Amino acid sequence: MIIDIHGHYTTAPKALEAWRNRQIAGINSPSEMAKASELKISDDELRESIESNQLRLMRERGLDLTIFSPRASFMAHHIGDFQISSTWAAICNELCYRVSELFPDHFIPAAMLPQSPGVDIATCIPELVKCVQEYGNVAINLNPDPSGGHWTSPPLSDPYWYPIYEKMIEYDVPAMIHVSTSCNACFHTTGAHYLNADTTAFMQCLTSDLFREFPTLRFVIPHGGGAVPYHWGRFRGLAQELKKPLLKDHLLNNVFFDTCVYHQKGIDLLTGVIPVDNILFASEMIGAVRGIDPETGHYFDDTKRYIEAAHINADERHKIFEGNARRVYPRLDAALNAKGN
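Residues numbered from 1 in each chain as written. Predicted model: local features only at pLDDT ≥ 70, side-chain atom pairs only at ≥ 80, totals over all residues. Heavy atoms only, no water.

**Student:** Before we move on, can you summarise the overall build of the protein with the specific residues and values?
**Tutor:** Scanning the protein from terminus to terminus reveals 15 helices and nine strands. Taking 20 Å as the expected radius of gyration for a compact globule of 341 residues, we find that the protein reaches 19 Å, a close match to that expectation. For the C-alpha atoms alone, the extent of the protein along its principal axes is close to 55 × 45 × 40 Å. Expressed as a percentage of contacts within the protein between residues at least 6 apart in sequence, the contacts between residues at least 24 apart total 76%. If you sum the accessible surface of the protein, you get close to 14200 Å²; carbon and sulfur atoms cover 51% of it. Side chains of the protein carry 30 positive and 41 negative charges; the gap between the two charge centres is 2 Å. (Helix = DSSP H or I, 4+ residues; strand = E, 2+ residues; numbered from the N terminus. Rg over C-alpha atoms; globule rule 2.2 N^0.38 Å. Contact = heavy atoms within 4.5 Å. Areas by Shrake-Rupley, 256 points an atom, 1.4 Å probe, with all protein chains shown as cover. Lys, Arg positive; Asp, Glu negative; His and termini not counted. Charge placed at Lys NZ, Arg CZ, Asp CG, Glu CD.)

Spelled out as structure tokens, the structure:
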């Protein structure tokens with residue numbers, strides 16, 4: 001089985017974006033605020049949006065199952081207040097759940113949280129609980145910078161985040177550390193802000209003793225870990241200067257990286273530097289990089305090709321494609337086992 005741990009609902013019916021635009025407009029004109037009950041999206045619309053996009057490409061590329069969460073750039077936690085984010089998160093999470101119900105063999109949901117800058121992170125717990133208990137979510141997406149590129153939140157090692165960590169541990173779900181849209185003109189959303197955040201999150205973990213406090217907490221850092229694999233020697237050296245344990249002991253029982261790296265040499269670097277036990281297959285299709293690479297004639301985000309061509313053995317390839325995902329996402333493993341997979 002090939003499990004893609006990083007999928008977003010980037011192809012949701014246009015009615016979703018139209019509703020969101022009305023919600024945002026209503027922030028300054030409360031009498032015109034869109035109501036959740038006014039959003040009408042049929043099962044047929046959901047089917048069409050998936051069958052002609054993600055599912056079509058999964059079949060063409062030989063992928064079996066995708067962990068499916070709301071579109072990352074649409075989370076936009078910096079817009080409005082907690083109530084705005086709460087309503088928006090509930091709508092987006094329900095749509096991903098409905099997709100998983102329509103295509104249970106191909107999609108399983110992960111939740112966005114209704115984060116809001118400066119608001120107690122514990123306010124996100126009811127949505128997390130609902131998504132795990134009622135929707136069967138196997139993970140969450142956690143935004144370390146809900147301000148949208150201004151980094152006003154404390155680092156991930158700060159007790160501010162502990163209520164979410166405690167609930168993650170209770171439910172045995174990992175968090176993908178994933179920012180949303182940048183509203184800072186200095187940082188392009190997908191080309192800079194995402195990769196900056198991946199690297200920043202890793203460094204926040206490195207400089208702390210977070211995993212001594214929470215030894216079973218698990219983070220997935222997407223987009224191949226940002227700059228982390230390329231600068232592994234720098235991070236090893238910094239850990240040494242800070243009198244931290246070796247990175248394999250300090251972080252690698254708790255931090256994992258996906259394969260959303262869109263060229264062969266990048267994947268070769270990732271698999272040559274990061275232990276295979278810490279790499280999980282992902283493509284993030286249909287996402288930030290949707291075109292065809294003129295050097296190969298294949299889509300940039302057809303990452304399965306890169307894993308197949310990497311200099312790793314069959315056992316290592318199995319770990320990346322399936323084994324590691326089932327270990328890092330225990331609720332996914334349980335769901336698959338319940339189906340006899």
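**Student:** If you had to explain the sheet that holds strand β5 (residues 140-142) to someone new, which residues and values would you point to?
**Tutor:** Taken in spatial order, the six strands line up as β4-β5-β6-β7-β8-β9 in an open sheet, and their pairing is parallel. Each having just a single partner strand, β4 (111-112) and β9 (279-280) make up the two edges of the open sheet. Strand direction decides the pairing type here: β4 and β5, joined by two bridges, are parallel. Residue pairing across strands places A111 opposite I140, the latter belonging to β5. (Pairing = 2+ DSSP bridges.)

**Student:** Give a description of the pattern of salt bridges that names residues and reports values.
**Tutor:** Counting across every chain of the model gives 16 salt bridges. With a shortest N-O distance of 2.7 Å, E308 and K304 are connected by a salt bridge. Of this pair, E308 and K304 both sit in helix α13 (residues 304-309), four residues apart, roughly one helical turn. Residues joined in a network through salt bridges with shared partners are D209, R212 and K244. (Salt bridge = Lys/Arg side-chain N within 4 Å of Asp/Glu carboxyl O.)

**Student:** Give a description of the sheet that holds strand β3 (residues 107-109) that names residues and reports values.
**Tutor:** Read across the open sheet, the three strands follow the order β1-β2-β3; overall the sheet is parallel. At either margin of the open sheet sits one strand with a lone partner, and together these are β1 (3-9) and β3. Adjacent strand axes in the sheet meet at a mean angle of 35° when their direction is disregarded. Across three bridges, strand β2 (residues 65-70) lies against β3 in parallel orientation. Bridge pairing in β3 links F68 to P109. (Axes fitted to C-alpha atoms, helices over the stretch in contact; angles between N-to-C directions.)

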